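Inside the fold
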Amino acid sequence: MQTTLDKQTTTPRTEQYVAPNVNIFETQEGYVIQAEMPGVSKDGLEVTLEGNEITITGRRGAETVPGQPLFRERNTADYRRVFELDPAIDTSKVSAKINQGVLTVTLPKSERVKPRKITVD
Amino acid sequence: MNIVRWNRPQLSTWGGFGGLSTLRNEIDRLFEAPLSELARASQFLSGATPAVDVYEDKENFFVKAELPGMKKEDIDVSLHDGTLSISGERKSEEKVENGEVYRSERFFGRFQRSVMLPAAVDAAQIKAQYQDGVLTVTLPKAEEAKPKQIDVQVN
């Protein structure tokens with residue numbers, strides 16, 4: 001009984017996330033995910049691949065709050081969104097960059113699924 | 001006097017779900033179409049009017065606006081009659097050649113947002129900075145708008 005209570009008090013508070021707006025498109029080479037995360041710098045960014053899922057997390061930690069708020073409508077929660085991956089993606093070649101609050105994740109397809117032209121002898 | 005045997009209303013008689021579900025589908029269809037249109041429109045509208053925060057300290061007002069993925073040159077900041085306007089155009093970065101689009105939630109196009117400032121500011125000293133997709137405009141308060149300490153004199 002005592003241990004259960006202890007456990008409850010030590011669990012961290014549930015984190016709140018907001019889903020970033022994304023554009024996703026596919027080309028012959030692979031997929032591109034663009035996610036809007038204003039207020040997130042390179043240091044606050046986390047992209048994890050696990051099984052057939054990619055999770056993008058952006059933390060606004062670096063942003064400073066100047067003075068007293070008079071009016072707030074921006075969401076203060078961190079960003080998170082999970083996507084299921086096409087098995088054709090070569091997970092070892094996934095790359096990500098962030099520029100002015102827009103995260104771009106490039107997910108290339110593995111060579112074997114890319115369309116190839118076979119020359120006839 | 002006409003004595004007619006009372007019949008249960010149609011909806012509560014057990015006639016299978018056939019009739020009921022088609023009615024339901026009709027109603028759902030009626031509501032879903034305009035609602036999804038509305039949701040889409042509001043999403044685009046929220047992109048066209050970026051979210052802002054306004055802060056103040058003793059010396060300045062600060063306006064922070066969310067403008068992800070812009071170029072510095074494409075953002076216009078202006079002050080007119082105590083109203084700060086942030087406007088510009090978000091251009092779509094690159095066109096996807098022979099690509100298939102799965103999701104298109106980002107807003108591209110012209111946007112505008114105005115914030116009425118609660119007190120006079122020194123227009124010549126306004127600074128704007130763009131970092132991590134957030135525009136921060138620092139507006140120093142005009143001398144007359146700053147809080148002043150007045151000494152009470154005792155004779």
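Residues numbered from 1 in each chain as written. Chains lettered and ligands numbered in written order. Predicted model: local features only at pLDDT ≥ 70, side-chain atom pairs only at ≥ 80, totals over all residues. Heavy atoms only, no water.

1. A short note on the overall build of chain A
To be explicit about the condition: Here a strand is any run of E in DSSP of at least two residues, a helix any run of H or I of at least four, and the numbering for each starts at the N terminus. Type-normalised accessible area, obtained with a 1.4 Å probe on protein chains alone, sets the label of each residue: buried when under 20%, exposed when over 50%, and partly exposed for intermediate values. Two residues qualify as a contact provided that any one of their heavy atoms is within 4.5 Å of a heavy atom in the partner residue. Each accessible area is a Shrake-Rupley estimate made with a 1.4 Å probe; only the visible protein chains count as cover when residues are assessed.
Per the secondary structure count, chain A includes one helix and nine strands. Sequence-ordered secondary structure for chain A, helices as α and strands as β, is α-β-β-β-β-β-β-β-β-β. For chain A, buried positions account for 38% of its 121 residues. Counted over contacts in chain A with a minimum sequence separation of 6, partners at least 24 positions apart contribute 55%. Carbon and sulfur atoms make up 49% of the accessible area of chain A, which amounts to about 8,000 Å² in all.

2. Section: the sheet that holds strand 5 (residues 100-104) of chain B
Filter applied, for reference: A pair of strands is considered paired only if DSSP assigns at least 2 bridges between the two. To obtain an axis, a line is fitted to C-alpha atoms, over the contacting stretch when the element is a helix, and the angle between two such axes runs from 0 to 180 degrees between their N-to-C directions.
On the basis of which strands lie adjacent, the open sheet formed by five strands has the order 8(A)-9(A)-3(A)-2(A)-5(B) and antiparallel pairing. Both edges of this open sheet fall to strand 8 (95-99) of chain A together with strand 5 of chain B, since each of them pairs with a single strand only. Averaged over all adjacent pairs, the angle separating strand axes in this sheet is 15 degrees, with direction ignored. Pairing analysis gives five bridges linking strand 8 of chain A to strand 9 (residues 102-108) of chain A, with the strands arranged antiparallel. When the bridges of strand 9 of chain A are listed, S95 of chain A appears paired with T106 of chain A.

3. Describing the interface of chain B and chain A
Put simply, the rule reads: When two components associate, each loses some accessible surface as probed by a 1.4 Å sphere; the sum of these losses over both components is called the buried area. Salt bridge, as applied in this entry: a Lys or Arg side-chain nitrogen positioned within 4 Å of an Asp or Glu carboxyl oxygen. The definition of a polar contact used here is a pair of N or O atoms within 3.5 Å, where within protein one atom must be able to donate a hydrogen and the other to accept one, and adjacent residues in sequence count solely through side-chain atom pairs. Polarity classes work like this: nonpolar for Ala, Val, Leu, Ile, Met, Phe, Trp, Tyr, Cys and Pro, charged for Asp, Glu, Lys and Arg, and polar for all others, with Gly in that last group.
Contacts between the two partners involve 39 residues from chain B, matched on the other side by 36 residues from chain A. Carbon and sulfur atoms make up 51% of the surface buried where chain B meets chain A, a total of about 3,000 Å² over both sides. Of all residues in chain B, the largest losses of buried area upon contact with chain A belong to Y55, R106 and D132 of chain B, amounting jointly to 21% of the total for that side. In this assembly, chain B and chain A are joined by seven salt bridges. In this structure, R60 of chain A engages E66 of chain B in a salt bridge whose closest nitrogen and oxygen atoms are separated by 3.1 Å. If you look at where chain B meets chain A, you find 25 residue pairs in polar contact (both at pLDDT 80 or more). Taken together, the elements giving at least two residues each to the side of chain B that touches chain A come down to strand 1 (52-56), strand 2 (60-66), strand 5 and strand 7 (127-131) of chain B. In terms of residue class, the side of chain B that touches chain A is made up of 17 nonpolar, seven polar and 15 charged.

4. Considering the nonpolar core
Basically, it comes down to this: Buried Ala, Val, Leu, Ile, Met, Phe, Trp, Tyr and Cys residues form a nonpolar core when they are joined through side-chain atoms within 4.5 Å.
Counting residues in hydrophobic clusters, the biggest one holds 20 residues, and the most contacted among them are V63, L67, I75, L84, I86, L135 and L139 of chain B. Of all the elements in the fold, those that place two or more residues in this core are strand 1, strand 2, strand 4 (83-90), strand 6 (109-116) and strand 8 (134-140) of chain B. Residue contacts for V63 of chain B: discarding those within four places in its chain leaves D53, V54, L84, I86, V115, L117, L135, T136, V137 and L139 of chain B. Counting residues in each nonpolar core, the second largest holds 16 residues, with I33, I54, L85 and I89 of chain A among its members.

5. What about the side chain of R90 of chain B?
Following the sequence through the fold, R90 of chain B ends up in strand 4. On the basis of relative accessibility, which here comes to 5%, the residue R90 of chain B falls in the buried class. Of the polar contacts made by the side chain of R90 of chain B, one reaches the backbone oxygen of P68 of chain B; its length is 3.3 Å. Contact partners of R90 of chain B, with chain neighbours within four places excluded, come to E36 of chain A together with L67, P68, G69, M70, F107, F108, G109 and F111 of chain B.

6. Description of the confidence of the model for chain A
To keep things clear, this is the line we draw: The predictor attaches a confidence to each residue, and that confidence, scored 0 to 100, is pLDDT.
Taken as a whole, chain A shows an average pLDDT of 84; of its residues, 87% reach a score of 70 or greater. In this model residues 1-11 of chain A is a low-confidence stretch, pLDDT under 50, and it forms zero contacts with partners more than four residues away in sequence or in other chains.

7. With respect to unusual backbone geometry
Residues other than glycine seldom take positive phi values, yet Q100 of chain A does so here, at roughly 45 degrees. Counting through the fold element by element, Q100 of chain A comes out in the loop between strand 8 and strand 9. Overall, the relative accessible area of 21% leaves Q100 of chain A in the partly exposed class. Of note, D81 of chain B is a non-glycine position whose phi angle comes to about 50 degrees, a positive value. Within the element layout of this structure, D81 of chain B appears in the loop between strand 3 (75-80) and strand 4. What makes D81 of chain B exposed here is its relative accessible area of 71%.

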